[in-house]
Amino acid sequence: MDSLRIPILKIGDILIASIQVALHDASAVQFKDDLLQKIHDTRARGVIIDLTALDVVDSFIGRLIADIAAMAGLMGTRVVLTGLQPAVAITLVELGLELPRVLTALNLEKGLSMMQRLTEENGDGAV
Amino acid sequence: MAQSKTAVIRSDLDIVIARTMARDAAKALGFGAIDQARIATAVSELARNIFLYAGTGTVTVKEVEKNTRKGIEIVCEDQGPGITNIDLVMQDGYSTSRGMGMGLPGAKRLMDDFSIRSQEGVGTTITCRKWRT
């Protein structure tokens, strides 16, 4: 079975990916590769990953998101994670995955304004 | 939920199928949203361990009752290489694979009861339960 592709939308110099279905491992890894390539191709200054629709984030996906944030950071692009459900936040912390280095916002709207502030402060996009 | 349900783990797709089965069972048994997420996440960790270390195995969920309490029991079985040192794999951060080493200790924290039976060369059975509050 082909791995599922998560659409990545571009608005200005920000990329937005909203994960709407449960990712299996291969599609999650595909998403990481697609997103980093798209950051490179579009020279995006920020990426928002919205997880509103996810009701389970296990250690594999949690680690992958932390990896994406670190990798995008190396490329000079900030990542903001938005929309974590209460149950997901609780299980991540209980699992021991607190994602201390990942920026988060309550929802997509707050994530967008956070991203605007971040990219304005750093006019060249590098942080 | 009178009968038990079993998911066979052969690929990473089956991890999602197993945890969806566990979540649906937990919901049917009256668990709240947060416990449903805990149970589904624990099953995801345990099913991934089967896939990574044994290749194939099964995840079975069923209703259990102790005194007047109702709960869910999850049994993960494989005929993989077995675990040589159970104390070691239950330590946070210990991993022999690509994981972060939080699969087993993480799953234990998310559940109420947790036990491992394992024999080298024979396989591993992990039984865990969550009780309804």
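Our subject is the structure that appears above.
This text gives an overview of the structure that appears in the document. (Residues numbered from 1 in each chain as written. Chains lettered and ligands numbered in written order. Predicted model: local features only at pLDDT ≥ 70, side-chain atom pairs only at ≥ 80, totals over all residues.)

## With respect to the overall build of chain A
Line of reasoning, step 1. Check the secondary structure of chain A and you find 4 helices and 5 strands.
Line of reasoning, step 2. Overall, chain A shows an N-to-C arrangement of helices and strands of β-β-α-β-α-β-α-β-α.
Line of reasoning, step 3. Its C-alpha atoms give chain A a radius of gyration of 14 Å, near enough to 14 Å, the size a compact globule of 127 residues would have.
Line of reasoning, step 4. On the principal axes, the C-alpha backbone points of chain A span a range of 35 × 30 × 25 Å.
Line of reasoning, step 5. Taking all 127 residues of chain A together, the buried fraction comes to 39%.
Line of reasoning, step 6. If you take every contact in chain A between residues at least 6 apart in sequence, the share linking residues at least 24 apart comes to 77%. (Helix = DSSP H or I, 4+ residues; strand = E, 2+ residues; numbered from the N terminus. Rg over C-alpha atoms; globule rule 2.2 N^0.38 Å. Buried ≥ 20, exposed ≤ 12 C-beta atoms within 10 Å, placed from the backbone. Contact = placed C-beta atoms within 7 Å.)

## Things to note about the packing of helix 3 (residues 86-95) of chain A against helix 2 (residues 33-54) of chain B
For any two helices packed against each other, the geometry comes down to the angle between their axes and how far apart the axes lie.
Line of reasoning, step 1. Close contact between helix 3 of chain A and helix 2 of chain B brings their axes to 9 Å; oriented N to C, the two are set at 45°. On the basis of the axis angle, helix 3 of chain A is oblique to helix 2 of chain B. For the element pair helix 3 of chain A and helix 2 of chain B, the recorded crossing hand is right-handed. Side by side, helix 3 of chain A and helix 2 of chain B meet where P86(A), A87(A), V88(A), I90(A), T91(A) and L95(A) of the first sit next to A33(B), I34(B), A37(B), R38(B) and T41(B) of the second.
Line of reasoning, step 2. Its residues assigned to classes, the contact of helix 3 of chain A with helix 2 of chain B comprises 8 nonpolar, 2 polar and 1 charged. (Axes fitted to C-alpha atoms, helices over the stretch in contact; angles between N-to-C directions. Parallel < 35°, antiparallel > 145°, perpendicular 65-115°, else oblique. Left-handed = near helix turned anticlockwise from the far one by under 90°. Nonpolar A, V, L, I, M, F, W, Y, C, P; charged D, E, K, R; others polar.)

## Some details on unusual backbone geometry
Line of reasoning, step 1. Residue R43(A) is not a glycine yet carries a positive backbone phi of 55°.
Line of reasoning, step 2. With respect to the helices and strands, R43(A) occurs in the loop between helix 1 (25-42) and strand 3 (46-50).
Line of reasoning, step 3. A count of 11 C-beta atoms within 10 Å places R43(A) in the exposed class.
Line of reasoning, step 4. Positive phi outside glycine occurs at N67(B), with the angle close to 55°.
Line of reasoning, step 5. Tracing the chain through its elements places N67(B) in the loop between strand 2 (57-66) and strand 3 (69-78).
Line of reasoning, step 6. Taking the number of C-beta atoms within 10 Å as the measure of exposure, N67(B) has 5 and is therefore exposed.

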